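Structural overview for review
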Amino acid sequence: MLQNKHFFIVYFLLFIITSCKEDKRLNRTLPSQPEQAKNKYAEGFSVIKNDNYSILYIKNPWPKSEKHYKYALIPKENVSKVTLNKANFDGILTIPVQKIVVTSTTHIPALELLGVEETLIGFPGTNYVSSERTRLRIDNKDIRELGKNEGINTEVLLEIQPDLVVGFGIDGNNKTFETIKKSGTPVIYNGDWVETSPLAKAEWIKFFGVLYDKEKVADSIFNQIETEYLKTKAIASKLTKQPTVLCGAMYKDIWYLPNGTSPEAQILKDANVNYLWSDTKDKGSIALSFETVFNKAKDADLWLSPSYYNSLNSLKKASEHYSEFKAFKNKNVYSFVNTTGKTGGVMYYELGTARPDLVLKDIIKICHPELLEDYQTSFFKPLE
Amino acid sequence: MPNTHSYKLSFSILILVLILCFFTNISLGSVSIPLRTILDSLIGTTDNYIIQNYRLPKAITAILVGSGLGISGLLMQTLFRNPLAGPFVLGISSGASLGVALIILGSGVFGGVFATLFISKWSVVIAASLGSFLVLLAVLLVSSKVRDTMAILIIGLMFGSITAAVVSVLSYFSSAEQLQQYIFWGFGSLGNLSWNEILIFFCIYLFGIVLTVVSIKALNTFLLGENYAKSLGLNIKQSRLIIILATSLLAGTITAFAGPIAFIGLAIPHMTRQLFNTSNHKILLPAVFLFGAIVMLICDSIAQLPNSGYMLPINAITSLIGAPVVIWLLVRKRKMMF
């Protein structure tokens, strides 16, 4: 039954596409200049607007990916006017999207900010979702649990028939996504996490804006976040006193901390603090021995995000060395792991990507308490 | 066969090398500390946190781990008269892995209590010890029914398979963070123990060593075959029990505190036999102790990548450095001493 339904949809789509050949000729006779919507920061996606449809390009869905993806997005009212060769695209879909499945909690704030969260019909690992609005829909069974990202329950997914699955991949080898694509449901990889700056990550709201035909709304939301971020950065930049900051914690005896050019380090820089490893050049995280970190950071004023540890006690239990740091002794250890939603999902992981302005304000509030007096931190709390 | 005099010389050299390796290990690290400060902090006149609370416990852990695993490897190889046997073969380390997996990954499946437990280091140690002890108990139960040591060997391997299966089910339902924690436990680590932990580690280790020393005579008799040993009046069942208990105490506690360290248990006895050319456990046992400790200290010094700030997982080094040495020894001697 399901399969029949599915064939019907594919057949219907093919029928629409093949029945508009006349219009294609019409379009050819009246070519118009495609208009490219430029991103300010994000490099992973771009949109080119033609008369009757847009093309969405996805460039870097995972680190060092060489494949580029190309999707045709046809506004509902133009479906009859456009003929496209299916082979030229990785997916063709009608916008605005009516039923969507996203796979990362970082995608959820974008849907909510655009006011289209009611289109979300499935999510892998619903317990990780913290936002109250979406939680309510999960509790009402409006959003189906799809299992795990790497092994999405394909049967449930096919049953709920989304127009689109927004996935993410660590590499291009997610077999589940291939199966979903084969079934005719387009899968678009979201590469917000690959972007190298906080504002670039946040700019991915425009990607969702295109999918919902709400580009202007997305633009204005992003502009607001950007303005707020830059305004806050400017306030902090006036200070001359920079507290020294240590980050991360050990897995066994290897200490992981953000590299100098990572988005986390950029926020620290914008908050005008002296992050002790800000001069390292690589992306992602840096793995150091305990000795190196201890030698450099034992007198650091502040210690931010010590991995998943949720109290000073649990830090000390994991390794007595931690208690030798000045920041630990002075109880200046701050983490976002204790700010969770109703079912335990960490808010920072969900909302932090979309709202770098809030993250920056948190860091400034912690490092320069004299600024932003009335502000309450959104994610970071001191460890007790 | 070399005479007693040459053994004395070999042992003196080995002890000297061990002391040298110990000091080299302490003086090398990511942070360069002048020799003067190192010596001062060793005798307690200077309070250097890195030397006293990081490098020194790490070096001692390396000695305990290397010697303990080497000895338990020797015990298993003699007991099963199989050159491929090692402390991991009995399923001891599989049991420990299962215990750790239940604690670290179990929170994904069972939630609640496990989620709050999994960050405490002691819970990992207790789980690993409990896991290896339970597997040992099962092996002992089986060994009282089955007379054949080969059968016990195979049963140990089967326990390993069962563990792997359970771990993969747990992994499937775990978060990336938990998986990372479990994988890092699997890399092994020497530098994460406090003095208190080392004290407990040492007590259990010592008990294992005492049991081993008690079994020296039995071990030499086992080499002749079980039937022959029986005809010499050896209480096979009791000796087997003591040897298995000693192995599981040594290997179990090492796995609990330092993670599953690869290669050392299997290879150290072979390296020792190649160099000492004897199968007498009175000679082999102390030699394996020294060799194990030396090799582990060297591996740890390399893993620290001195003066670089980076470090490698100890497990990668033990196999990477150790395996070619064993191959080279076998090729040079052209046969396996066993």
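Residue positions within a chain follow its written sequence, with the count starting from 1. Whichever chain is written first is A, and whichever ligand is written first is 1; the rest continue in order. At least 70 in pLDDT is required for a residue's local features to be given in this predicted model, at least 80 for side-chain atom pairs to be given and counted, and no such filter applies to totals for whole chains, interfaces and linings, which use all residues. Values reported for side chains reflect all heavy atoms of the structure, with hydrogen atoms and water molecules removed beforehand.

Under the annotation held in an unreviewed UniProt entry, chain B carries the name Iron ABC transporter permease and is attributed to Psychroserpens ponticola. UniProt positions are given in the numbering used here, feature names are shortened, and annotations may be inferred rather than shown by experiment. As its UniProt record puts it under Subcellular location (unreviewed entry), chain B is described as follows: "Cell membrane".

The name given to chain A in an unreviewed UniProt entry is ABC transporter substrate-binding protein, and the organism recorded there is Psychroserpens ponticola.

Observations concerning the sheet that holds strand β15 (residues 254-258) of chain A
All names here are of chain A. What the three strands build is an open sheet, ordered β14-β15-β17; its pairing is antiparallel. Strands with a single pairing partner mark the edges of an open sheet, and in this sheet they are β14 (249-251) and β17 (285-289). Geometrically, the sheet is characterised by an average inter-axis angle of 40 degrees between neighbouring strands, direction not taken into account. Two strands pair if DSSP finds at least two bridges between them. In this text, helices come from DSSP runs of H or I with a minimum length of four residues, and strands from runs of E with a minimum of two, each type numbered from the N-terminal end. Pairing analysis gives three bridges linking β14 to β15, with the strands arranged antiparallel. Note that in β15 the partner of Ala249 across the bridge is Tyr256. Helix-sheet contacts for helix α11 (residues 290-297) involve β14, β15 and β17, and the interaxial angle to β17 is about 95 degrees. Comment: axis = line fitted to C-alpha atoms, over the contacting stretch for helices; angle = value between 0 and 180 degrees taken between N-to-C directions. By definition, residues are in contact when any of their heavy atoms lie within 4.5 Å.

Concerning the pairing of β15(A)
Within a regular strand, the side chains alternate between the two sheet faces. Residues and elements named next belong to chain A. Burial classification: accessible surface area is computed with a 1.4 Å probe over protein chains only, and a residue below 20% of its type maximum counts as buried, one above 50% as exposed, and the rest as partly exposed. In terms of residue burial, β15 counts as a mostly covered element, since four of its five residues are buried. Between the antiparallel neighbours β14 and β15 lie two residues, among them Lys252 with a positive phi of about 55 degrees. When β15 meets β17, the two strands line up antiparallel, connected through five bridges. Directly across from Ile254, in β17, lies its bridge partner Ser289.

Observations concerning the interface of chain B and chain A
Across the contact, 28 residues belong to chain B and 28 residues belong to chain A. For any pair of parts, buried area is found by adding up, for both, the accessible area (1.4 Å probe) each one loses once the two are put together. Summed over both partners, the interface of chain B with chain A buries about 2800 Å², with 59% contributed by carbon and sulfur atoms. In what follows, salt bridge is the name for a side-chain nitrogen of Lys or Arg lying within 4 Å of a carboxyl oxygen of Asp or Glu. Linking chain B to chain A there are one salt bridge. Between A:Glu291 and B:Arg55 there is a salt bridge whose closest N-O contact spans 2.4 Å. Under the rule applied, a polar contact is a pair of N or O atoms within 3.5 Å (in protein, one hydrogen donor and one hydrogen acceptor; residues adjacent in sequence only if both atoms are side-chain atoms). In this assembly, chain B and chain A are joined by three residue pairs in polar contact (both at pLDDT 80 or more). Put simply, the parts of the chain that give the side of chain B that touches chain A at least two residues each are α3 (49-80) and α9 (176-187) of chain B. Residues are grouped as follows: nonpolar covers Ala, Val, Leu, Ile, Met, Phe, Trp, Tyr, Cys and Pro; charged covers Asp, Glu, Lys and Arg; every other residue, Gly included, is treated as polar. Looking at the side of chain B that touches chain A, its residues break down into 12 nonpolar, 13 polar and three charged.

Examining helix α16 (residues 314-333) of chain B
Residues and elements named next belong to chain B. One less than the number of residues in a helix, times 1.5 Å, gives the span that helix is expected to have. Here α16 is 20 residues long and its end C-alpha atoms lie 28 Å apart, about the 28 Å a rise of 1.5 Å per residue gives. Among all positions in α16, only Ile314, Asn315, Ile317, Thr318, Gly322, Val326 and Leu329 are buried. Contacts made by the buried residues of α16 are with α9, α14 (264-276) and α15 (281-303).

Focus on the packing of aromatic side chains
All names here are of chain A. We call Phe, Tyr and Trp rings a pair once their centres come within 6.5 Å, taking the six-membered ring for Trp, and we label the pair stacked below 30 degrees between planes, edge-to-face above 60, and tilted otherwise. For the structure on display, the rule yields 38 aromatic pairs over all chains. Aromatic side chains Trp204 and Phe207 sit 5.2 Å apart centroid to centroid with 55 degrees between the ring planes, which places their arrangement in the tilted category. With respect to class, Trp204 is no different from Phe207; both count as buried. The rule for a charge over a ring is simple: NZ of Lys or CZ of Arg within 6 Å of the ring centre, and within 35 degrees of the ring normal. In this structure, Lys70 is placed above the aromatic ring of Phe89, and the distance from its NZ or CZ to the ring centre is 5.0 Å.

Points about the nonpolar core
Remark: nonpolar core denotes a set of buried residues (Ala, Val, Leu, Ile, Met, Phe, Trp, Tyr, Cys) joined through side-chain atoms within 4.5 Å. Counting 154 residues, the largest nonpolar core has A:Leu246 and A:Trp255 as its most contacted members. With 17 residues, the single largest contributor to this core is α3(B). Residues A:Val116, A:Ile188, A:Ile205 and A:Phe207 belong to the second largest nonpolar core, which totals 51 residues.

Quick notes on the sheet that holds strand β16 (residues 274-275) of chain A
Residues and elements named next belong to chain A. A sheet is described by the order of its strands in space; here five strands give the open sequence β16-β13-β18-β19-β20, paired in mixed fashion. Each edge of the open sheet is held by one strand with a lone partner, namely β16 and β20 (381-382). Its contacts with the sheet place helix α15 (residues 356-367) against β13 (244-247), β18 (302-304) and β19 (333-335), and it is angled at close to 155 degrees to β18.

Considerations on a nonpolar patch on the surface
All names here are of chain B. Taken together, the side chains of Ile15, Ile19, Phe23, Leu35 and Leu39 present a nonpolar region at the surface, about 450 Å² in accessible area. Take Ile15: it is sitting in helix α1 (residues 4-27). By relative accessible area, Ile15 is classed as partly exposed at 41%. Residues form patches when they are more than 30% accessible in relative terms and have no salt bridge. Like charges link within 9 Å. Nonpolar side chains (Val, Leu, Ile, Met, Phe, Trp, Tyr) link within 5 Å. Each accessible area value is a Shrake-Rupley result obtained with a 1.4 Å probe; residue values ignore everything except the protein chains displayed when judging cover.

Quick look at the pattern of salt bridges
All chains considered together, the criterion is met by 16 salt bridges over all chains. Between A:Lys361 and A:Glu228 there is a salt bridge whose closest N-O contact spans 2.8 Å. A residue pair is termed long-range when its members are at least 10 positions apart, and A:Lys361 in helix α15 and A:Glu228 in helix α9 (residues 215-237) qualify at 133 residues. Ionic pairing is found between B:Asp40 and B:Arg36, a salt bridge with its closest N-O pair at 3.4 Å. Residue B:Asp40 and its partner B:Arg36 are located together in helix α2 (residues 35-42), separated by four residues, close to a single helical turn.

Concerning the side chain of B:Asp300
All names here are of chain B. Here Asp300 is to be found in helix α15. Residue class for Asp300 comes out buried when judged on its relative accessible area of 3%. Within the structure, the side chain of Asp300 is placed 2.9 Å from the side chain of Asn25, a separation counted as a polar contact. At a separation of 2.8 Å, a polar atom in the side chain of Asp300 contacts the side chain of Lys58. Leave out the neighbours within four places in its chain, and Asp300 touches Asn25, Lys58, Leu190 and Ile314.

Structural notes on α2(B)
Residues and elements named next belong to chain B. For α2, the complete set of buried residues consists of Ile38, Asp40 and Ser41. Angular distribution of buried residues about the axis of α2 spans 165 degrees; they occupy a single face of the element. Facing away from the buried surface of α2 by more than 90 degrees, the exposed residues are Leu35 and Arg36. Gly44 lies just past α2 and shows a positive phi near 90 degrees. Within this analysis, the arc is defined by the directions that extend from the helix axis to the C-beta atoms.

Describing the pairing of strand β4 (residues 69-75) of chain A
All names here are of chain A. Most of β4 sits inside the fold, with six of its seven residues counted as buried. Sheet topology places strand β3 (residues 54-58) next to β4; five bridges connect them, and they run antiparallel. From the neighbouring strand, Ile55 faces β4, where its bridge partner is Ala72. Alignment of β4 against strand β5 (residues 91-95), held across five bridges, turns out to be parallel.

Overview of the domain arrangement of chain A
All names here are of chain A. These domain limits were set by an automatic method or by a database of domain assignments. Domain boundaries in chain A define domain 1 (35-224) and domain 2 (239-382). Counting residues at the interface gives 19 residues for domain 1, matched by 19 residues for domain 2. Summed over the three residues of domain 1 that lose the most area to domain 2, namely Ser130, Thr196 and Pro198, the buried surface amounts to 35% of that side. Along the contact surface separating domain 1 from domain 2 lie one salt bridge.

Some details on a positive patch on the surface
On the surface, B:Lys145, B:Arg147, B:Lys230 and B:Lys237 cluster together into a positively charged patch. Looking at B:Lys230, the relative accessible area reads 44%, which means it is partly exposed. Counting rule for charge: Lys and Arg are taken as positive, Asp and Glu as negative, and neither His nor the chain ends is counted. Where a charge lies is defined by one atom per residue type: Lys uses NZ, Arg uses CZ, Asp uses CG and Glu uses CD.

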